[in-house]
Every structure is written in structure tokens, then in C-alpha cells.
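Residues per chain are reported as follows:
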Amino acid sequence: MRALLSLAIGSFGIGMTEFVVMGLLPNIARELLPGAWAASPDDAIAQAGWLISLYALGVVVGAPTIAGSVARFPRHRVMIVLAVALAFFTLLTVIAPTFELVAASRFLAGLPHGAYFGIGALVAADALGPGNRAKGVAFVLTGLTIANVVGVPLGTLLGQQVGWRAAFAVVTAIFALAAVCIALFVPSHPGSPGRRLRDELRVFRIGQVWFALGIGAVGFGGFFAMYSYIAPMITDVAGQPEWAVSLVLVLVGVGMTVGNIVGGALADKDLRFWLYVGLIALGAASVGLALTATWIVSLVFFAFLVAFCGSALSPSIQTRLMDVAEDNQSIAAALNHSALNIGNSLGAFLGGLAIAAGLGLVAPAWVGAVLALGGLAVAFVSYRVEDRSGRHPAHRMPAAEAAQTAITGSIPTQR
């Protein structure tokens, strides 16, 4: 349990470093883009949204390359290095003096993200045992979702009162603590000496892997389109004071936490059905938000639902990837975070584009609805192709087998 809690500290830090920027977007834009802010605050916020997209791009690039490159090394040592890297790159965000350098630091901070969660998910799956595979995936995300209940709102409040850099200084300290705890409490997990990046990249030859990535990249973008611009929605659309952002983020974080737990349980029951339901519900909640965002009560209600539905999808999408990835479990676990952060980047980018086009600060919610339905279309085509081909996954790997596969580089022979 101490090992899993150590990993959760790191995922808590990742949750803060990824999401606290969204609550502080107006503050960052005001400091780093003073000229643009003076001319048009909406345009400055849209430009600052690039910090979200660049972090997500770092995750997309880093997840497969790092996870594939380190497959042969002992996993506990890799986790220490990843935690140290997260601390260092987040520290760069604290001290970078210009928008361009902060943007570069955000890209670098995203690089270890996917590999950390991918390897951590496999460790958690091994610890929780057979029959609880999706629950194991959900467990390693618990630190991230709790960060959205506690860390992100408090970090947002701290950043608003003291300065946005203070929030990232706290995150740096959390990553440093995670590195120490992992070194002390995570037991030895051997790598696979014969496994190379070239071997891991064979996963991209599997057509269903691309479909699974598409579900995450498009569908999950619906959540991030809303979340990226939640702060200006609260203050400018609903007319609430700045301190209300932190309170709303607490409730959004609760939605993410509950959704993650529920999604992990449902994915182990009927993956296809609940993947469809989750995407439809995400689209409907986004429409509800877009139609009622001027009233703070309805804004909070629908933002909670968007967070719940989006977070519930994450274990399903990763489970689907692990189902179709054959013997490439290590990189598949990390690729989930590439897919979800393509969604992060896509949602933030398209939401910002809609705002910059003069469609208003509610426009990202409409973008989110379209993206959720797009993800549903990709999921439908994926299963349709699978049904017609008759090539279904040989079996749904329980957690322990998924972890063993990642370590040995092959599917266990006993089915």
C-alpha cells in the first residue's frame, strides 16, 4: 500500500501541474501577455490557452517514446527518474521570465507524464490482482482526481492571492516528495532487457489501436474544451467573483473523482456499452452547460456532469487500448495518456479558436459537445469493423496479466 500511495503522490502532482493552469489562465495572461491583455482580455486568454495545448503536446510526444525506450530498465528506477524530471521541469515554469520560456517549460513538463501514468498503472494492476484490471487503472489515476478536488482549487486560490508561480512552486515540492517516497517504498520491478523501442512501436501496426486512440483524442477533447476555459465562464459569463473559481473547481474535481471510480467499475462489466453511454452523456452535459452557463447553479451542475462523464471514460479508453494492443501492454498503457492529451490539446485549441473568432466564452462548451459526438462516431466505427472482421481480442486481460505482459514482453500462455 505504501508503494501505491507513493505513486499516488506523483499522480497528485501531475493533476495539479496539468489542471491548475486552467483556473489561473486569466492571471497568467495578465502577467505574461500585458499588451494583449490591455487590447483584449479574451484574446489574451485564448493565447494563454496555448500553455495547456503545449503541455498536452509534451504528453503526446513523451508517452510512447519514453515508455518504449525504458521498457528494458527496472521500473522502480524509471519511476524515480520520471518524478525527478517532473520536479525539474515544473521548477522551470516557476522561474521562467517570459511567456515563450514558460511555454517551453510546459512542453517539457508534459514529456514524463504519460510514461509515469503508464508504468504506474501496470504496477497498480499487479498489486490489485485478477478481475480488477480497470479498477487498477482507475487507482493510479486517483491521485490525479483527488488533486482536482483539493490541489487544483487550493493551488488556484494560492495563485490568485500570491501569484500564479506560487502554485507551481508547490507542485515542484510535491514531485520532489514523490521521488523520495518512490525510492523508499516502491519495490523492485525488473524490466525486460530484450525489449527495445522498435519492438514497442509495433503496436502502431494494429488498426484497432488507432481507433482506440481516436476515441480518446476526439471524445475526451469534449471535457477539456470546457475545463480549459472554466475560469472565464465563471467570472465573465456567470458574473461571479474570482474566488468562486476555486469553489467550482472543487465540485468539478469531485465529479472527476467519482467518475473515475464509477468508470473503472463499469468498464469491467460491459466496456462497449458504457463507452457509448459515457460519450453520449458527455455530449449532452456539454450542451446543457452551453445553454445555461449564465446561471451559476446550472453552470456548476453541468460542469460537474461534464467532469464526471469525462473522467469515467478514461479507464474505459485505457482498458480498450490494453484489450487490442496484444503483447504491447507497456506502451499501450502510456499511449492512453497520449490520446487523452491530444484531446486536451484539441479541446483547448478549438475552444480558444472559437473564443478568438468572437463566438463568446461559452463557445468551448459547444465545441465539447461536437467532440464528444465525434468520439462516439469513432467508437462505433471501431466496434463495427471489429464485428465484421470477427477478430475480437482473445481475452480481456486481468490486471495481473497486463502487468506481467509489460514486464516480460509477451502475453502469458495460460489463458
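Scope of this entry: the structure provided in the associated data block. Residue positions are given per chain, counted from 1 along the sequence in the order it is written. Predicted model: local features are reported for residues with pLDDT of at least 70 only, side-chain atom pairs are reported and counted for 80 or more only, and whole-chain, interface and lining totals are derived from all residues. For side-chain calculations, the full set of non-hydrogen atoms in the structure is used, while hydrogens and water are omitted.

Here we take up the pattern of salt bridges. The salt bridge definition used is simple: a Lys or Arg side-chain nitrogen within 4 Å of an Asp or Glu carboxyl oxygen. The full count for this structure, using the stated rule, is four salt bridges. Among the salt bridges present, the one from Arg30 reaches Glu242, with a minimum N-O distance of 3.8 Å. Placement of the pair is Arg30 in helix H2 (residues 25-32) and Glu242 in the loop between helix H15 (230-237) and helix H16 (244-267), with a sequence separation of 212 residues. A salt bridge links Arg320 to Glu386; the nearest nitrogen and oxygen atoms lie 2.9 Å apart. Separated by 66 residues along the polypeptide, Arg320 in helix H18 (residues 296-324) and Glu386 in helix H20 (residues 363-389) bring together distant segments of the chain. Glu386 carries the same exposure label as Arg320, and that label is buried. Put simply, DSSP marks the helices as runs of H or I at least four residues long and the strands as runs of E at least two long, and each gets a number from the N terminus on. Burial classes follow relative accessibility: with a 1.4 Å probe on protein chains only, a residue under 20% of its type's maximum area counts as buried, one over 50% as exposed, and anything between as partly exposed.

Further remarks concern the packing of aromatic side chains. Any pair of Phe, Tyr and Trp rings, taking the six-membered ring for Trp, is counted once the centres come within 6.5 Å. Such a pair is stacked with planes under 30 degrees apart, edge-to-face with planes over 60 apart, and tilted for the rest. Per the counting criterion, the structure on display carries 13 aromatic pairs. When the centroid spacing of 5.7 Å and the interplanar angle of 45 degrees are considered together, the rings of Phe220 and Phe223 count as tilted. On the accessibility criterion, Phe220 (7% relative accessible area) is buried. Note on Phe220 and Phe224: the rings are 5.3 Å apart at their centroids and 70 degrees apart in plane angle, and the pair reads as edge-to-face. With respect to class, Phe220 is no different from Phe224; both count as buried. Positioned over the ring face of Tyr383 is Arg320, at 4.2 Å from the centre of the ring. Charge-over-ring contacts are defined here by two conditions on Lys NZ or Arg CZ: a distance within 6 Å of the ring centre and an angle within 35 degrees of the ring normal.

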